[in-house]
Amino acid sequence: MLILKRTGVIGLWLLLIFSTAVVTAAYKQRFEDGPNRVFSGGPLIAGELYRGAEPDWAFVNDVSTLELQLLSPAQSRRIWVASVQGKMYVWSGYMNSFVGQIWKSWPAQAERDARVVVRIDGIRYERRLVRIKTGAVLDELMAVVSKKYPSRSSGADVESGNVWVFEVAPRAAADVAEGVGS
Amino acid sequence: MKNVYVRIGLVVIATALSVWVIPGVDDAVESVFQILVLIAST
């Protein structure tokens, strides 16, 4: 009985230490240039700001993740990315679940202010997120996603609202003038 | 009982400082957290 009690006490101390370490590491990452792996980071500072014509985004299908920063709030996270028909898409799953609604705050924030900066291979692109709720492109996109990642979402998941899909579209000229890096 | 709260406070402060100051500790903590999330989600 005494051994069980001592084991429990040690377990609680270890849980306290690990919880504190996780919270501290997550908070510290907010002051860094971009996210690390799962913890959100601060604004994307480093890297050349792309100013050319709209690229063919097909190359992102060979990129594992990108760094995406909202302007409001100015926080960044690492997310999956895929391209269909030369356009770039990002998405967020589990949006109908309780955990998803707590954990995934950036999609709702992006609906309020769609301006974002994405960084791919060290190059920053000023863009805006346009939510896609329906359309034939969704099935094509989810097919690409399923090949690239361990994900089994479908166009129906997007239409039901469980997966939020955004096209990473060019910004309007007025948005660029207000954006970062200028 | 008061002694326990003091101990908890000291452990929290020592852990937070270690993660904040010692290079690489935050990255290691994030790695472990990522593995736990992956295990929990499968």
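I will try to describe carefully the structure that is included in this document. Quick caveat: nothing in here was measured; it's all calculated off a predicted structure. Every chain is numbered on its own, with residues counted from 1 as its sequence reads. All chains are assigned letters beginning with A, and all ligands numbers beginning with 1, in the order in which they are written. For this predicted model, a pLDDT threshold of at least 70 governs which residues receive local features, and a threshold of 80 or more governs which side-chain atom pairs are given and counted, while totals over whole chains, interfaces and linings are taken from all residues.

1. Notes on the overall build of chain A
Now for step 1: Summing up its helical and strand segments, chain A has 6 helices and 8 strands in all.
Now for step 2: Secondary structure elements follow DSSP: runs of H or I no shorter than four residues count as helices, runs of E no shorter than two count as strands, and numbering proceeds from the N terminus. What you see in chain A, going N to C, is helices and strands ordered as α-β-β-β-β-β-α-α-β-β-α-α-β-α.
Now for step 3: For the C-alpha atoms alone, the extent of chain A along its principal axes is close to 70 × 40 × 30 Å.
Now for step 4: By the convention adopted here, residues make contact when the C-beta atoms placed from their backbones lie within 7 Å. Here the analysis covers contacts within chain A between residues at least 6 apart in sequence; of these, 62% occur between residues at least 24 apart.

2. Regarding the overall build of chain B
Now for step 1: A tally of regular secondary structure across chain B gives 2 helices and 0 strands.
Now for step 2: Counting only C-alpha atoms and orienting by the principal axes, one finds that chain B spans roughly 40 × 25 × 5 Å.
Now for step 3: Our exposure labels follow a C-beta count within 10 Å of each residue's own C-beta, placed from the backbone: buried means 20 or more other C-beta atoms, exposed means 12 or fewer, and partly exposed covers the counts in between. Counting only residues that meet the buried cut, chain B has 12% of its 42 residues in that class.

3. Some remarks on the pairing of strand β6 (residues 115–120) of chain A
Residues and elements named next belong to chain A.
Now for step 1: Counted residue by residue, β6 has 6 buried out of 6 residues, so it is predominantly covered.
Now for step 2: Of the two faces of β6, the one carrying R115, V117 and R119 and the one carrying V116, V118 and I120 are both buried.
Now for step 3: Across 4 bridges, the pairing between strand β2 (residues 66–70) and β6 is antiparallel. If you follow L70 over to β6, its bridge partner there is V116.
Now for step 4: At least two DSSP bridges between two strands are required for those strands to pair. With 6 bridges connecting them, β6 and strand β7 (residues 123–132) associate as antiparallel partners. When the bridges of β7 are listed, R119 appears paired with R124.
Now for step 5: Linkage of β6 to β7, two consecutive antiparallel strands, is achieved through a turn of 2 residues, within which D121 is found at a positive phi near 50°.

4. Some points on the nonpolar core
Now for step 1: Within the largest apolar cluster, 33 residues are counted, with the highest numbers of intra-cluster contacts made by Y89, V116, V118, L141, V165 and F166 of chain A.
Now for step 2: The set of elements that each furnish at least two residues to this core consists of β2, β4 (82–84), β5 (87–92), α3 (106–112), β6, β7, α4 (137–148) and β8 (164–170) of chain A.
Now for step 3: With sequence-adjacent residues up to four places away left out, F166 of chain A is seen in contact with Y89, V90, W91, A110, L129, V130, R131 and I132 of chain A.
Now for step 4: We call a set of buried Ala, Val, Leu, Ile, Met, Phe, Trp, Tyr and Cys residues a nonpolar core when their C-beta atoms link them within 7 Å. In terms of nonpolar packing, the next biggest core, distinct from the first, is built from 5 residues, A21, A25 and F39 of chain A together with V19 of chain B among them.

5. Quick look at the interface of chain A and chain B
Now for step 1: Listed by partner, the interface residues are 13 residues for chain A and 14 residues for chain B.
Now for step 2: Classes in brief: Ala, Val, Leu, Ile, Met, Phe, Trp, Tyr, Cys and Pro nonpolar; Asp, Glu, Lys and Arg charged; the others, Gly included, polar. Among the residues forming the side of chain A that touches chain B, the class breakdown is 8 nonpolar, 3 polar and 2 charged.

6. Topic: the pairing of β8 of chain A
Residue and element names in this part refer to chain A.
Now for step 1: Of the pairings in the sheet, the one linking β5 to β8 comprises 4 bridges and is antiparallel in character. Bridge pairing in β8 links S92 to W164.
Now for step 2: As paired elements, β7 and β8 share 6 bridges and run antiparallel to each other. Along β8, the bridge assignment pairs R128 with A169.

7. Some points on unusual backbone geometry
All names here are of chain A.
Now for step 1: Going from S72 to P73, the amide bond is cis rather than trans, its omega being 0°.
Now for step 2: Examined against the element boundaries, P73 turns out to sit in the loop between β2 and β3 (76–79).
Now for step 3: One non-glycine residue, Y94, lies in the positive phi region at around 60°.
Now for step 4: Mapped onto the elements of the fold, Y94 is located in the loop between β5 and α2 (98–103).
Now for step 5: With phi around 50°, D121 is a residue other than glycine that occupies positive phi space.
Now for step 6: Among the secondary structure elements, D121 is positioned in the loop between β6 and β7.
Now for step 7: For D121, a count of 9 C-beta atoms within 10 Å translates into the label exposed.

8. A few points about the packing of helix α1 (residues 2–29) of chain A against helix α1 (residues 2–21) of chain B
Now for step 1: Running from N to C, α1 of chain A and α1 of chain B cross one another at 40°; their axes reach a closest spacing of 9 Å. As judged from the angle between their axes, α1 of chain A and α1 of chain B are oblique. Along this stretch, α1 of chain A crosses α1 of chain B, giving a crossing that reads as right-handed. Residues W13, L16, I17, T20, A21, T24, A25 and K28 of chain A of α1 of chain A form the contact with α1 of chain B, whose participating residues are I8, V11, V12, T15, A16, V19 and W20 of chain B. Working convention: axes come from line fits to C-alpha atoms, limited for helices to the stretch in contact. Angles between N-to-C directions cover 0 to 180 degrees. An angle below 35 degrees is read as roughly parallel, one above 145 as roughly antiparallel, one from 65 to 115 as roughly perpendicular, and any other as oblique. By definition, turning the near helix anticlockwise from the far helix through less than a right angle yields a left-handed crossing, and turning it clockwise yields a right-handed one.

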